[in-house]
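# Fold and geometry: a report
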Amino acid sequence: MGAFAGIAFAISVVPLGDVPGRAASAPLSISIVGNHFVDGAGRTIRLLGVNHTSSEYGCVDGFGYDDGHFNDGDASAIASWGANAVRIPLNEDCWLGINGQPNSSEGANPPLTSHGYQQEIESYVADLNAHGIYGILDLHWTAPGSQVALEQQPMPDQDHSPAFWSSVASTFKSNPAVVFDLFNEPYDPTDPRSGEDQNPNDKISWNCWETGTTNGPAGGSPCSTAAYDENNAKTTTYQVAGLQTLLNAVRSAGATQPVLAGGLDFANDLGEDDSGQEWMDHAPNDPLNREAASFHNYMGEGCDSAICWKDTIAPIAAHVPVVTGEFDEDNFDEPTCATKTPSTFDTDYMNWADSAGVSYLAWGWIVEPKNEQAADGCSAFYLIGDYTNYTPAQPNGVALHDHLHALASTSTTTSTTTRSATTTGSPSSTTTPPGHGHGTGGGSRKPPVTLEAFSASTGSDGMSAAFTMRSAQNCTGALTGETVNSYGSAERTYRKISLGAAHFTLKAGKAKTVTLNLSKAVRKLLIGKRSLEVQITITLTSPQNRPAITHHTVTLKAG
């Protein structure tokens, strides 16, 4: 079993004193004492900050090592928010210089090299450290064999991942102000929460996660799983490198800094069915006792509720530090987001984490183009609106910026909870009837748009749904949907799952079929259950008529 096998959990967590800003009176360094991080002066700290995405994909897309903002000015802007940590996603191929990466296919000049990639990361970490910010180096994109690392894989690969950590740890072993995040988001592709693979030979167990073998420390046959390409198509089967193998590579290189180990289900499941015992039983055995748990927290995941944080994350935090490597609430401000209900998820979680002594870093410190925002919809996760003033973006950037500033201006204990305004308007999910809200004027005298016909069918590939509609008037419309029932892990229910959204126009008296590409979560449910009851909401608007909102409950069936 792992380093923490057999430990009984205490449910209560003692709040830990910390200051989110830099440690000014001692050289910047970080270590672990008991269940908390300490700085060079021995003071308890937490890692609070952001993920600066782009270094995982820029080098394989061929336009640069990153987004062009891995520099001192960027570090200064992050520090001005009150952050003290930045997580940097790395690409296995680009760091090692394998499989033709990095490449310069999109005009990078001078041409990109692995040496240049490494220097870029070293330079950026130095810039961060100079502003009192710790760097968290994260193995984010990997791929086995000759496959190019173009996306997240289920687990580290034995082919390259240990060599990656040997090199990274050797490079940074003399820098006491960095932390090593062993693998971004491990997952079992055969788990319906995480993937759609129905081959039992591809299963990832907690033993595989720990040691890369079927029986954990007791050995057994090596674990293998499936690799995928950027379109989520299976490519090959590869041998898994367990997190213990990666930790050993770090320590063998002479690096003594803290390491992070994320759980399964994209680092959201740390043992949610047994109060965190799975993570504690299988945590890699660190001879230096400098390991922490990594937890990723997004809405719609199995552990996205205060109940799960208390029952699963708090018991682990009573024994080792917990770092929320990524978190964000859905971006309800995006036009293509299926629901417009404001949320306090970010603030609620940060308040809870403050009280439990848990660290957190939001995703992602980048400006996202408008077309990408529209495509991502509710999952448009970006913290800044520009690179000139680094303006906090709604909702996640504003929530984090305001919360960190509030922490800096209040007591230095995490038991103080400061709520910051993350959205405007009422959080109520009650719908205002068309023509009866503010600003409707005399519109209530207009007749409503009339939906004369509606029918639904599922595409033969199970990836989409088709809705045929006819209106009595020329109009524009928006179609959204969600499951009738709530879904989550194990016996718990958590939330209704969004189908996505589609926008369309109708001509009076003319039937039109609108295709909605189903969200990945809904496709998984549909594959597993073969049929799914959903509620469709259609909003029709026309200059000559009052808006009309209609709801239709239909059953989608797998092809």
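Below, the structure is looked at part by part. (Residues numbered from 1 in each chain as written. Predicted model: local features only at pLDDT ≥ 70, side-chain atom pairs only at ≥ 80, totals over all residues. Heavy atoms only, no water.)

### Describing helix α4 (residues 114-130)
Across its 17 residues, α4 extends 24 Å between first and last C-alpha, which sits within 8% of the 24 Å expected from 1.5 Å per residue. Buried residues of α4: G116, Y117, Q118, I121, Y124, V125, D127, L128 and N129, and no others. (Helix = DSSP H or I, 4+ residues; strand = E, 2+ residues; numbered from the N terminus. Expected span 1.5 Å × (residues − 1). Buried < 20%, exposed > 50% of the residue type's maximum accessible area, 1.4 Å probe, protein only.)

### Structural notes on unusual backbone geometry
Following Q101, the chain continues to P102 via a peptide bond in cis, the omega torsion being -5 degrees. Positionally, P102 belongs in the loop between α3 (92-96) and α4. Along the chain, Q394 connects to P395 via a cis peptide bond; the corresponding omega equals -10 degrees. Considering the arrangement of structural elements, one finds P395 in the loop between α12 (370-376) and α13 (396-409). Positive phi values are uncommon outside glycine, yet S275 reaches one of about 55 degrees.

### So, the state of the cysteines
Under the counting rule described, the total for this entry stands at 4 disulfides. One disulfide in the model links C208 with C223; its S-S distance is 2.0 Å. Taking the sign of the torsion about the S-S bond as the criterion, the disulfide between C208 and C223, at about -75 degrees, is left-handed. Here the residue C208 occupies a position in helix α6 (residues 206-211), and C223 occupies one in the loop between α6 and β8 (224-228), the gap between them amounting to 15 residues. In this structure C208 comes out as buried when scored by relative accessible area, which is 4%. The class of C223 is buried, set by a relative accessible area of 3%. Residue pairing for C303: its cysteine sulfur links by disulfide to C308, the two sulfurs lying 2.1 Å apart. Across the S-S bond of C303 and C308 the torsion is about -105 degrees, and the bridge reads as left-handed. Using a relative accessible area of 0% as the deciding quantity, one classes C303 as buried. Exposure remark for C308: the relative accessible area of 0% places this residue in the buried category. Bonded cysteines in the chain are paired 1-2, 3-4, 5-6, 7-8 when counted in the order they occur along the chain. (Disulfide = S-S within 2.5 Å.)

### Topic: the packing of helix α2 (residues 72-80) against α4
Orientation of α2 relative to α4, taken along the N-to-C sense of each, is 40 degrees, at an axis distance of 9 Å. Between α2 and α4, the angle falls in the class oblique. The two elements α2 and α4 cross, and the hand of that crossing is right-handed. Side by side, α2 and α4 meet where D72, D74, A75 and I78 of the first sit next to Y124, D127 and L128 of the second. Its residues assigned to classes, the contact of α2 with α4 comprises 4 nonpolar, no polar and 3 charged. (Axes fitted to C-alpha atoms, helices over the stretch in contact; angles between N-to-C directions. Parallel < 35°, antiparallel > 145°, perpendicular 65-115°, else oblique. Left-handed = near helix turned anticlockwise from the far one by under 90°. Contact = heavy atoms within 4.5 Å. Nonpolar A, V, L, I, M, F, W, Y, C, P; charged D, E, K, R; others polar.)

### Here we look at the sheet that holds strand β1 (residues 30-33)
If you trace the 3 strands from one edge of the open sheet to the other, you get β1-β2-β3, paired in antiparallel fashion. At either end of the open sheet lies a strand with only one pairing partner, and these are β1 and β3 (44-45). Pairing analysis gives 2 bridges linking strand β2 (residues 36-39) to β3, with the strands arranged antiparallel. Following the sheet pairing, F37 is matched in β3 by I45. (Pairing = 2+ DSSP bridges.)

### Re the sheet that holds strand β18 (residues 512-517)
Strand order in the open sheet formed by 3 strands is β14-β15-β18, with antiparallel pairing between adjacent strands. Two strands close off the open sheet at either side, each with one partner strand: β14 (451-458) and β18. Direction aside, neighbouring strands of the sheet carry axes that sit 20 degrees apart on average. Judged from the 7 bridges that link them, β14 and strand β15 (residues 464-471) form a sheet pairing that is antiparallel. Looking across to β15, one finds that T458 is bridged to A465.

### Examining the pattern of salt bridges
Going through the model one piece at a time under the given rule, you end up with 14 salt bridges. Linking R43 and D39 is a salt bridge whose minimum nitrogen-to-oxygen distance equals 3.0 Å. Measuring nitrogen to oxygen at the nearest pair gives 3.5 Å for the salt bridge that ties R193 to E272. Of this pair, R193 sits in the loop between β7 (178-181) and α6 while E272 is found in the loop between α8 (264-267) and α9 (277-282), placing the two residues 79 residues apart along the sequence. Its relative accessible area of 27% is what places R193 among the partly exposed residues. Three or more residues are tied together by salt bridges with common partners; here these are D191, R193, D265, D269 and E272. (Salt bridge = Lys/Arg side-chain N within 4 Å of Asp/Glu carboxyl O.)

### What about empty space enclosed by the protein?
Summed over all chains, the structure comprises 2 cavities of 30 Å³ or more. When its volume is computed, the largest cavity comes out at roughly 40 Å³. What lines the largest cavity is a set of 10 residues, among which F37, R46, P321, G357 and S359 lie closest to the centre. Partitioned by chemical class, the residues of the lining of the largest cavity number 5 nonpolar, 4 polar and 1 charged. (1 Å grid on protein atoms, 1.4 Å probe; cavity = no way out; pocket = protein on both sides within 12 Å on 5 of 7 lines; lining within 4 Å. Points joined across faces, edges and corners; volume = space filled by probe spheres on them.)

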